[in-house]
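# Understanding the architecture of this molecule
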Amino acid sequence: MQRQYLHVGDRTIAYYDSAPGDTAAKVLLLVHGFPLAASMWEPQFKSVPAGWRFVAPDMRGFGGSTLEPEGESPSIDDYAGDVIDLVRELALATPVVGGCSMGGYVTMGVLRIAPRLPRALVLADTRAGADTSEGRAARRTTLALLEREGPSGIARDMLPKLLGRTTQEESPDIESNLRRVIKQQSAPAIRSAIERMMHRPDSHAVLKNVSVPTLVVVGQEDTLTPAADAEKLAAAIPAAELVVVPRAGHFANLEQPALFNAALTSFLSRL
Ligand code: MLT
C-alpha cells in the first residue's frame, strides 16, 4: 500500500488508493478505527474485487494526515468533512462509504452532512448511540492515561479490549502489529479523537432515513461494540443485513480477514 496525499487549504489528507485515477471502477471508501490509521485496511486492499477501487484516508493527525491547530473545538464531523472533501477532490462517483468503529461514527457524520453521497454503507464493529455518561467518564480516564504514559499506555490498556479472545490466544503477531501501529500515532491525534468521540451525537435519526443497502459486520467476540449493538444498529437501518464474524473481536477485518472479505465481496457484488 502506497500513501497518496491531498492538500486542502492548509491541511494534508493522506490516503491509500488501490487504483489511483481509475474513474471507471466502483469505489469503496473505508474509514479506520481508533487509535489506528488507514493501514488497518491492508487485508482488504490485498483482496479488492475486480471492477472496484478502494480508498482509505487517515483521519486528522493519524498516519500521514495533518491535525488542525490545538484550541479549535474538535468534532467527529470534521473527520466526515475530510472524507467528503476527498470524494469531491478525487471526483469519486457516488462511493460506498464504510468504517470500523470510530470509522462508523465518521460514516454517520457523512450521512449527517451529505445524506445522498453514499450509494451503500459498510458499518463494522460500531454503534449508533452517543457515549453514555459512564462512557464519557471512561474517556476521561483514557485522556488521563494518555497524559501520563502517551500512546504506549493507550496500547497497553486497549489491546486486550480490541482483540477477540481467539486472536489473543492464537495470533500474537496481530497483537504486536497493532501495538506498533498504536505507538506510532501521535498523542495530540489520539487526544483529539477521544474528544471527538465523546462529544459525538446520537445517529439513530440519521440512520432511520437511510435507504441504501447497508452491510453491518461484527466480530462475535467483540466486547467493545458487541453483537447485541450490531443487531440494534442493523434494526435501526431499513435495508441492512447483519454478518457476525466468528473468532474475531473488535477488528474483525484484521482478525479474520478471509471471512470479513468474503462478506464484503458478497455485499459489493450485489451493488
Ligand atoms: C474504535 O475502535 O474506533 C473505538 O473503540 C471506538 C470507541 O472508542 O468508541
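Above this text you will find the structure in question.
The model shown is predicted, which means the values in this text are computed figures rather than measured ones.

### Re the site of the ligand
In the region of the ligand, the neighbouring residues are Gly33, Phe34, Ser101, Met102, Tyr105, Arg127, Arg139, Met197, Leu224, His250 and Phe251. At 2.6 Å, a side-chain N or O of tyrosine 105 approaches an oxygen atom of the ligand. Residue arginine 139 places a side-chain N or O atom 2.7 Å away from an oxygen atom belonging to the ligand. With the chains in place, 93% of the 270 Å² that the ligand exposes on its own is no longer accessible.

### Re the nonpolar core
The biggest cluster of nonpolar side chains holds 73 residues, and the ones touching the most others in it are Leu28, Phe34, Phe62 and Met102. The element contributing the most residues to this core is helix α4 (residues 133-162), with 8 residues. Setting aside residues no more than four positions away along its own chain, methionine 102 makes contact with His32, Gly33, Phe34, Met59, Ile76, Tyr79, Ala193 and Met197. Counting residues in hydrophobic clusters, the runner-up holds 15 residues, among them Leu111, Leu123, Ala230 and Ala234.

### Digging into the layout of surface pockets
Of the voids in this model, the largest pocket is the one considered here, and its volume is about 510 Å³. Along its surface, the largest pocket is lined by 23 residues, and Ala138, Arg139, Thr142, Met158 and Leu224 are the ones closest to its centre. Those elements that place two or more of their residues in the lining of the largest pocket are α3 (102-113), α4 and α7 (187-198). Of the residues forming the lining of the largest pocket, the biggest block, 10 residues, is contributed by α4. For the lining of the largest pocket, the per-class residue count stands at 11 nonpolar, 7 polar and 5 charged.

### Things to note about the sheet that holds strand β1 (residues 3-8)
Read from one edge to the other, the open sheet built from 8 strands follows the order β1-β2-β4-β3-β5-β6-β7-β8, with strand pairing classed as mixed. Strands at the two margins of the open sheet, each flanked by one partner only, are β1 and β8 (240-245). Sheet twist, expressed as the mean angle between neighbouring strand axes with direction ignored, is 20 degrees. Here 4 bridges tie strand β3 (residues 26-31) to strand β4 (residues 52-57), and the two strands are oriented parallel to one another. Bridge assignment links leucine 28 to a residue of β4, and that residue is phenylalanine 54. Across the face of the sheet, α3 comes into contact with β3, β5 (96-100) and β6 (120-124) while running at roughly 145 degrees to β5. In the packing of helix α9 (residues 227-236) onto the sheet, the strands contacted are β6, β7 (214-219) and β8, and the crossing angle to β7 comes to about 170 degrees.

### Thoughts on the pattern of salt bridges
What the rule picks out here adds up to 19 salt bridges. Of the charged contacts in the structure, one is a salt bridge between arginine 200 and aspartate 131, with a shortest N-O distance of 2.6 Å. Residue arginine 200 is located in the loop between α7 and α8 (204-208), and its partner aspartate 131 is located in the loop between β6 and α4; the two are separated by 69 residues in the primary sequence. Pair check on accessibility: arginine 200 and aspartate 131 agree, each one buried. Across the pair aspartate 157 and lysine 161 runs a salt bridge whose closest N-O atoms are separated by 3.2 Å. With a gap of 4 residues between them, aspartate 157 and lysine 161 both fall in helix α4, about one helical turn apart. A relative accessible area of 27% places aspartate 157 in the partly exposed class. By relative accessible area, lysine 161 is classed as partly exposed at 37%.

Criteria and cut-off values
Residues numbered from 1 in each chain as written. Predicted model: local features only at pLDDT ≥ 70, side-chain atom pairs only at ≥ 80, totals over all residues. Heavy atoms only, no water. Near = heavy atom within 4 Å. Polar contact = N/O pair within 3.5 Å; in protein donor to acceptor, adjacent residues only side chain to side chain. Areas by Shrake-Rupley, 256 points an atom, 1.4 Å probe, with all protein chains shown as cover. Core = buried A, V, L, I, M, F, W, Y, C linked by side-chain atoms within 4.5 Å. Buried < 20%, exposed > 50% of the residue type's maximum accessible area, 1.4 Å probe, protein only. Helix = DSSP H or I, 4+ residues; strand = E, 2+ residues; numbered from the N terminus. Contact = heavy atoms within 4.5 Å. 1 Å grid on protein atoms, 1.4 Å probe; cavity = no way out; pocket = protein on both sides within 12 Å on 5 of 7 lines; lining within 4 Å. Points joined across faces, edges and corners; volume = space filled by probe spheres on them. Nonpolar A, V, L, I, M, F, W, Y, C, P; charged D, E, K, R; others polar. Pairing = 2+ DSSP bridges. Axes fitted to C-alpha atoms, helices over the stretch in contact; angles between N-to-C directions. Salt bridge = Lys/Arg side-chain N within 4 Å of Asp/Glu carboxyl O.

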